[in-house]
Amino acid sequence: MTDLKKKILWQCRRGLWELDAILIPFVEENFDDLDSKNKKLFTELLSYEDVELLDLLVNQKKPEDSSIQQLIDIIIASHVKTIEIDR
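Residues numbered from 1 in each chain as written. Predicted model: local features only at pLDDT ≥ 70, side-chain atom pairs only at ≥ 80, totals over all residues. Heavy atoms only, no water.

Residues at a pLDDT of 70 or more form 93% of the protein, whose mean pLDDT is 91. Per-element mean pLDDT across the protein ranges from 84 in helix 5 (residues 69-86) up to 96 in helix 4 (residues 50-57). (pLDDT = per-residue confidence, 0-100. Helix = DSSP H or I, 4+ residues; strand = E, 2+ residues; numbered from the N terminus.)

Core analysis: the largest hydrophobic core is formed by 24 residues, its most contacted members being Cys 12, Leu 23, Phe 42, Leu 45, Leu 57 and Ile 75. Put simply, the parts of the chain that give this core at least two residues each are helix 1 (3-11), helix 2 (17-30), helix 3 (36-45), helix 4 and helix 5. The greatest single-element share of this core, amounting to six residues, is contributed by helix 2. (Core = buried A, V, L, I, M, F, W, Y, C linked by side-chain atoms within 4.5 Å. Buried < 20%, exposed > 50% of the residue type's maximum accessible area, 1.4 Å probe, protein only.)

Every buried residue belonging to helix 1 is among Lys 5, Ile 8 and Leu 9, and all of these are buried. What you see down the axis of helix 1 is that its buried residues fit within an arc of 100°, all on one side. Among the exposed residues of helix 1, those oriented more than 90 degrees off its buried face are Asp 3, Lys 7 and Trp 10. Buried residues along helix 1 sit against helix 2 and helix 3. (Arc of directions from axis to C-beta. Contact = heavy atoms within 4.5 Å.)

We now examine the packing of aromatic side chains. When we look at a pair of aromatic rings, we describe it by the centre distance and by the angle of the planes. With the rule as written, the count across this model stands at two aromatic pairs. Site record: aromatic cluster; members linked through ring pairs are Phe 26, Phe 31 and Phe 42. (Phe/Tyr/Trp six-rings, centres within 6.5 Å; stacked < 30°, edge-to-face > 60°.)

The next point concerns the pattern of salt bridges. In a structure, side chains of opposite charge can pair up when their charged atoms sit close to one another. Under the defined criterion, the tally for this structure stands at three salt bridges. Lys 40 serves as the salt-bridge partner of Glu 44, at 3.2 Å between the closest nitrogen and oxygen. On the criterion of helical spacing, the pair formed by Glu 44 and Lys 40 is a turn pair, its members being four residues apart in helix 3. For Lys 40, a relative accessible area of 54% puts it in the exposed group. (Salt bridge = Lys/Arg side-chain N within 4 Å of Asp/Glu carboxyl O.)

Turning our eyes to something else, we now look at helix 4. Within the span of helix 4, buried status applies to Leu 53, Leu 56 and Leu 57. End-on view of helix 4: buried residues confined to an arc of 80°, all on one side of the axis.

Here Gln 60 lies in the loop between helix 4 and helix 5. Placed 13 residues apart in sequence, Gln 60 and Asp 73 show a C-alpha to C-alpha distance of 9.2 Å. Apart from the residues lying within four places of it in its own chain, the contact partners of Gln 60 are Asp 55 and Ile 76.

Right, here's the structure in full:
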């Protein structure tokens, strides 16, 4: 595991169970497959407050910065896929 990925995983520990359940598995399973643009966007996404992330990832509110919407869609799709596999 790279130092960047370790750092990202640490930053994914948000204190809200819902965010941890979405972000940590996403990084473990999909982060390495992201292109450099989406990796950069993901690190920017982690700078958001927990409430903002909850709105974007759980409540599916549209982000003010539309450039991040594609990444959010990827994260949500990955989470839905994980839930379906667990059933």
